[in-house]
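Listed here are the chains, written in short residue letters.
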Amino acid sequence: KGEKNYIGFPQSGDEPQPDLMFNGSFGKIWDFLPVLGYDDEQELQENRKRMEHGLPPLKSRMAQLTDKTALEQSIHGTQAKYLKGKITIGTSEDQNPIAPGKLLRTWKQKKRVYRQYVINHPGSSDWHMGSATFKEYSTEKLGITTTILASPKHPFSVDLYQDALGNSIAFLNKNLSMYPYEEIRVAEIPFYQEKFYALPNLIAISEKQGWYSDTSQINERSYVYHTVTSQVFRQWIYSSLRIANVQGAHMIGDALPQALGLQVIKEAIGEEGVQYILKRKQDFYNTERHKEPNTEKPLLYADNAYYLEKHKGVIALYEVMDIVGFEKFNNFLVQWMNENPQKPKRFIDFYHKLLERLPENKKMTIKVKFETIEY
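Since we're looking at a predicted model, the values are computed, not measured. (Residues numbered from 1 in each chain as written. Predicted model: local features only at pLDDT ≥ 70, side-chain atom pairs only at ≥ 80, totals over all residues. Heavy atoms only, no water.)

**Q** Please explain empty space enclosed by the protein as it appears in this structure.
**A** Sizing a probe to match a water molecule and rolling it over the atoms shows the empty space that remains. For the structure on display, the rule yields one cavity of 30 Å³ or more. As a volume, the largest cavity reaches approximately 50 Å³. Lining the largest cavity we find Leu317, Val320, Phe347, Phe350, Tyr351, Leu354, Leu355, Leu358, Ile366 and Phe370. Of all elements in the fold, only helix 7 (308–324), helix 9 (347–355) and helix 10 (360–371) reach the threshold of two or more residues within the lining of the largest cavity. For the lining of the largest cavity, the element with the highest residue contribution is helix 9, accounting for five residues. In the lining of the largest cavity, the residues fall into ten nonpolar, no polar and no charged. (1 Å grid on protein atoms, 1.4 Å probe; cavity = no way out; pocket = protein on both sides within 12 Å on 5 of 7 lines; lining within 4 Å. Points joined across faces, edges and corners; volume = space filled by probe spheres on them. Helix = DSSP H or I, 4+ residues; strand = E, 2+ residues; numbered from the N terminus. Nonpolar A, V, L, I, M, F, W, Y, C, P; charged D, E, K, R; others polar.)

This is the structure we're talking about:
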């Protein structure tokens, strides 16, 4: 038996605050339901803080590649099996409740609005849900219902979000495999949590990521495009395979979908848009790497450093795609994903098989990028 001793949602970490967003909230299911057992998310990951508490430094934020327990775990469900299910969520009558899954029905009762969603494909229980005053913009692309849920004050880029969804799904269907869901929703969420979420049927993107930007210029269009298409590929990857909870996991779960997203930008917007995204990522990596409180790892052993996989990792993977050839890379990726899809996969195995497909005169360049730390 237990109870929470504060009111409201945490702004970051586990610090409580009584204030809510002006227009809505968003959080994971375990923010609302009790969790029994050990919460590894509360472990201190920064060696400087660990030293302050007399704890030994970490050699890595993630388990080693040979850790037998971690190898059997999926990174998105370390303590549970994959599951399906239904979510019924209600909110005040002036807001729209959102959750992962296919929308089954909507109804109103006692000045509240309710929606029920069903998750048909087994997946991680890392479900997120929320509520806000949205305006909904729905259409159909390639037989899939696509819906944008944005603040009524932020309608500026809705058409661009719809275009990005349509081109991402078309690219996926043509070059990789079929998009796994019959409907998809992209929702604007408060900026105080993670920037992006990819869940069954639902993509959530922070309000600070382009919702009210002027997208008349190619750079801004490319950025908004990339935020959407990267999450479409994350949905596909998460629904298609399990990623072992060891070093390099986020090279599959984060870097790979972003690198694939650059292929869509290359087709839809052009090389200038790709180079803009790559430069942003290189600049971010160059700046933030010096703030690393632990020891930076080579990409092959990346351990979920906020500046590493999502920035340097994307640059390196896109370069490999370009060397191998986009069509050959995509064919190889599908083949690799279809090999024992129920067994959690390691990035190091993907890397070594991919390396075999590189020309001899390019192998050393790629080895330096993935196996060493360049200064």
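**Q** In this structure, what is going on with the nonpolar core? I would like to understand it.
**A** Side chains of nonpolar character tend, in soluble globular proteins, to be buried together. Residues Leu333 and Phe370 are the most contacted members of the largest nonpolar core, which totals 82 residues. By residue number, the principal contributor to this core is helix 5 (residues 249–268), which donates ten residues. Excluding its chain neighbours within four sequence positions, the residues that come into contact with leucine 333 are Leu176, Trp236, Leu256, Leu260 and Phe350. With eleven residues, the next largest nonpolar core counts Ala132, Phe134, Leu202 and Ala204 among its residues. (Core = buried A, V, L, I, M, F, W, Y, C linked by side-chain atoms within 4.5 Å. Buried < 20%, exposed > 50% of the residue type's maximum accessible area, 1.4 Å probe, protein only. Contact = heavy atoms within 4.5 Å.)

**Q** Before we go on, may I ask you to explain the packing of aromatic side chains in this structure?
**A** For the structure on display, the rule yields 15 aromatic pairs. Ring geometry for tryptophan 336 against phenylalanine 350: centres 4.9 Å apart, planes inclined by 70 degrees, an arrangement best described as edge-to-face. Placement of tryptophan 336 in helix 8 (residues 326–337) and of phenylalanine 350 in helix 9 is noted, with a sequence separation of 14 residues between them. This pair shows no difference in class: tryptophan 336 is buried, exactly as phenylalanine 350 is. Put simply, the rings of Phe329, Phe332, Trp336, Phe347, Phe350, Tyr351 and Phe370 pair up and form one aromatic cluster. Positioned above the aromatic ring of phenylalanine 191 is the side chain of lysine 208, whose terminal nitrogen or guanidinium carbon lies 5.1 Å from the ring centre. Directly above the ring of tryptophan 336 sits lysine 345, whose terminal nitrogen or CZ lies 4.8 Å from the centroid. (Phe/Tyr/Trp six-rings, centres within 6.5 Å; stacked < 30°, edge-to-face > 60°. Lys NZ or Arg CZ within 6 Å of the ring centre and 35° of its normal.)

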